[in-house]
Amino acid sequence: MKQMKKLTLYLFVLAMFALVSNKSQAQSYFTYDGKDFSVLLTTNTANTQVIKVQFSANGEWNNFEIVDYTNLDNADGGGFAYTVKDGAGVQFLVDYYRTQDHIKVTNLSTYEEWTLFRR
């Protein structure tokens with residue numbers, strides 16, 4: 001009987017661990033396409049924070065480092081802005097408009113701007 005209780009407790013703990021592990025790794029992915037490139041935003045489970053930004057180039061996704069975040073939910077249209085930089089140190093502003101469901105990407109060195117629409 002004691003062995004059965006131990007086994008039951010062990011299985012319960014294992015099931016809870018698997019459930020928590022599965023939930024903590026859930027993410028959402030949002031792809032935005034433009035004529036020159038695409039951007040992939042990976043968010044946390046609740047879609048409240050972008051945890052990864054990738055730009056496409058030559059058929060591959062390249063990671064960009066997130067260096068700053070601005071919450072724009074109180075601004076007209078709502079959304080957020082992330083400043084990211086590529087491997088060469090060039091910074092870009094990724095500006096998401098919640099009510100329009102598109103992003104604008106601005107090269108902060110040249111001020112060239114692109115509008116990308118959700119896939």
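Look a little higher up for the structure.
How each quantity is defined
- Residues numbered from 1 in each chain as written.
- Predicted model: local features only at pLDDT ≥ 70, side-chain atom pairs only at ≥ 80, totals over all residues.
- Heavy atoms only, no water.
- Helix = DSSP H or I, 4+ residues; strand = E, 2+ residues; numbered from the N terminus.
- Buried < 20%, exposed > 50% of the residue type's maximum accessible area, 1.4 Å probe, protein only.
- Contact = heavy atoms within 4.5 Å.
- Salt bridge = Lys/Arg side-chain N within 4 Å of Asp/Glu carboxyl O.
- Polar contact = N/O pair within 3.5 Å; in protein donor to acceptor, adjacent residues only side chain to side chain.
- Pairing = 2+ DSSP bridges.
- Axes fitted to C-alpha atoms, helices over the stretch in contact; angles between N-to-C directions.
- Core = buried A, V, L, I, M, F, W, Y, C linked by side-chain atoms within 4.5 Å.

Enquirer: Looking at this structure, I do not really get the overall build of the protein. What am I missing?
Expert: Looking only at helices and strands, the protein has one helix and eight strands in total. When the helices and strands of the protein are read in sequence order from the N terminus, they spell out α-β-β-β-β-β-β-β-β. Out of the 119 residues belonging to the protein, those deemed buried represent 29%. Residue pairs in contact within the protein that sit at least 24 positions apart in sequence constitute 21% of those at least 6 positions apart.

Enquirer: Mind showing me how you'd approach the pattern of salt bridges here?
Expert: When the charged atoms of two side chains with opposite charge come close together, those side chains can pair. Overall, the coordinates contain four salt bridges when judged by the stated rule. D33 is the partner of R119 in a salt bridge, and the nearest nitrogen-oxygen pair spans 2.8 Å. Residue R119 is found in the segment after β8 (113–118), and its partner D33 is found in strand β1 (residues 28–33); the two are separated by 86 residues along the sequence. Of the residues examined, R119 reaches a relative accessible area of 65% and is grouped as exposed.

Enquirer: Help me understand the side chain of T43, please; the structure alone is not making it clear to me.
Expert: Along the chain, T43 falls in strand β2 (residues 38–43). A polar atom in the side chain of T43 sits 2.6 Å from the side chain of N47. Apart from residues no more than four positions distant in its own chain, T43 is found in contact with Q27, S28, F30, Q49, V50 and I51.

Enquirer: Mind showing me how you'd approach the sheet that holds strand β5 (residues 79–85) here?
Expert: Strands pair in a sheet through their backbones, by hydrogen bonds, and they do so in one of two ways: parallel or antiparallel. Strand order in this closed barrel of eight strands is β1-β2-β3-β4-β5-β6-β7-β8, and the pairing throughout is antiparallel. Each adjacent strand pair in this sheet contributes to an overall mean axis angle of 30°, direction not counted. Looking at chain direction, strand β3 (residues 50–57) and strand β4 (residues 60–71) are connected through five bridges and run antiparallel. Across the sheet, the residue bridging to Q54 is N63, located in β4.

Enquirer: Would you explain the environment of N62 in this entry?
Expert: Mapped onto the elements, N62 comes out in strand β4. Owing to a relative accessible area of 30%, N62 belongs among the partly exposed residues under this scheme. A C-alpha to C-alpha distance of 8.9 Å links N62 and G87, two positions 25 residues apart in sequence. When neighbours within four sequence positions are excluded, N62 is seen to be in contact with V53, Q54, F55, S56 and A57.

Enquirer: How should I be thinking about the nonpolar core in this particular structure?
Expert: Nonpolar side chains in soluble globular proteins tend to end up buried together. Ranked by internal contacts, the top residues of the largest apolar core, which has 19 residues, are V39, L41, F55, V84, I103, V105 and L116. What L41 contacts, discounting residues up to four positions off in sequence, is S28, Y29, F30, Y32, V50, K52, V53, F80 and V94.

Enquirer: I would appreciate a short explanation of the side chain of N107 in the present structure.
Expert: By the element assignment, N107 lies in strand β7 (residues 102–107). N107 gets classed as buried once you look at its relative accessible area, which sits at 11%. Polar side-chain contacts of N107 include one of 3.2 Å to the backbone nitrogen of T110. Ignoring any residue separated from it by four or fewer positions in sequence, one finds N107 in contact with V90, Q91, F92, E112 and W114.

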